[in-house]
Amino acid sequence: MDASGYGVLGVGFIFWFILVFVCLFVSASIAKKKHRSVAGWVILTLFLGIIATILLALLPTREKVVGSPGYFPTFSDEAVAGVSKKCPQCAEIVKAEAKICRFCGYKFEAKQ
Ligand SMILES: [Zn+2]
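J.: Could you give an account of the confidence of the model for the protein chain, with specific residues and numbers?
T.: For the protein chain, the average pLDDT comes to 80, and 74% of its residues sit at 70 or higher. The secondary structure element of the protein chain with the lowest average pLDDT is helix α4 (residues 75-81), at 54, and the one with the highest is helix α2 (residues 38-48), at 91.

Spelled out as structure tokens, the structure:
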């Protein structure tokens, strides 16, 4: 039993621990960015370590799905949600409360 051997092992363990910890954060951020399961990839990283992180980095970005946790609404989606509306004349997106189109001057019918 060599005392210095234990020291190397201890340092190695700390380094491995830090590496896994860093990989967890990297995996979580990549998973979030790629619209993938963050919890799933964190668990996978715990088991596979840096291999899972590299695997995730190589995977293509998943297509956006309406209603999924990683979904960010786009401008046209806001029109659907009622925040804005599409001008029937010039097809530009204007505010839902707008009575007149700011692009072409089209007069919207008063809702209320
Ligand atoms: Zn217009």
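J.: Any chance you could break down helix α3 (residues 50-58) for me, citing the residues and the numbers?
T.: For α3, the complete set of buried residues consists of Ala52, Thr53 and Leu56. Along the long axis of α3, the arc covered by the buried residues comes to 100°, so they all point the same way. In α3, the exposed positions that point more than 90 degrees away from the buried face belong to Ile51, Ala57 and Leu58.

J.: Could you give me a rundown of the environment of Ala28, with the residues and numbers involved?
T.: Relative to the assigned elements, Ala28 resides in helix α1 (residues 3-33). Residue Ala28 is classed as partly exposed on the basis of its 17 C-beta neighbours within 10 Å. Taking the C-alpha atoms as reference points, Ala28 and Val42, separated by 14 residues in sequence, lie 6.1 Å from one another. Every residue in contact with Ala28, bar those within four places of it in the chain, is listed here: Val38, Trp41 and Val42.

J.: Describe the environment of Val94, listing the residues and the values that go with them.
T.: Within the fold, Val94 resides in strand β2 (residues 93-95). Taking the number of C-beta atoms within 10 Å as the measure of exposure, Val94 has 20 and is therefore buried. Residues Val94 and Ser84, 10 residues apart in the sequence, show an inter-C-alpha distance of 5.5 Å. Excluding its chain neighbours within four sequence positions, the residues that come into contact with Val94 are Ser84, Lys85, Cys87, Cys101 and Arg102.

J.: Explain unusual backbone geometry to me, and be specific about the residues and the numbers.
T.: Backbone geometry at His35 places phi at a positive 55°, although glycine is not the residue there. Positive phi outside glycine occurs at Ala91, with the angle close to 65°.

J.: Please provide a residue-by-residue account of the nonpolar core, values included.
T.: Ile30, Ala31, Trp41, Ala52 and Leu56 together form the largest nonpolar core, which totals 5 residues. Put simply, the parts of the chain that give this core at least two residues each are α1 and α3. If near-sequence neighbours (up to four positions away) are discounted, Leu56 is found in contact with Ser27, Ile30, Ala31 and Trp41.

Quick notes on the rules
- Residues numbered from 1 in each chain as written.
- Predicted model: local features only at pLDDT ≥ 70, side-chain atom pairs only at ≥ 80, totals over all residues.
- pLDDT = per-residue confidence, 0-100.
- Helix = DSSP H or I, 4+ residues; strand = E, 2+ residues; numbered from the N terminus.
- Buried ≥ 20, exposed ≤ 12 C-beta atoms within 10 Å, placed from the backbone.
- Arc of directions from axis to C-beta.
- Contact = placed C-beta atoms within 7 Å.
- Core = buried A, V, L, I, M, F, W, Y, C linked by C-beta atoms within 7 Å.

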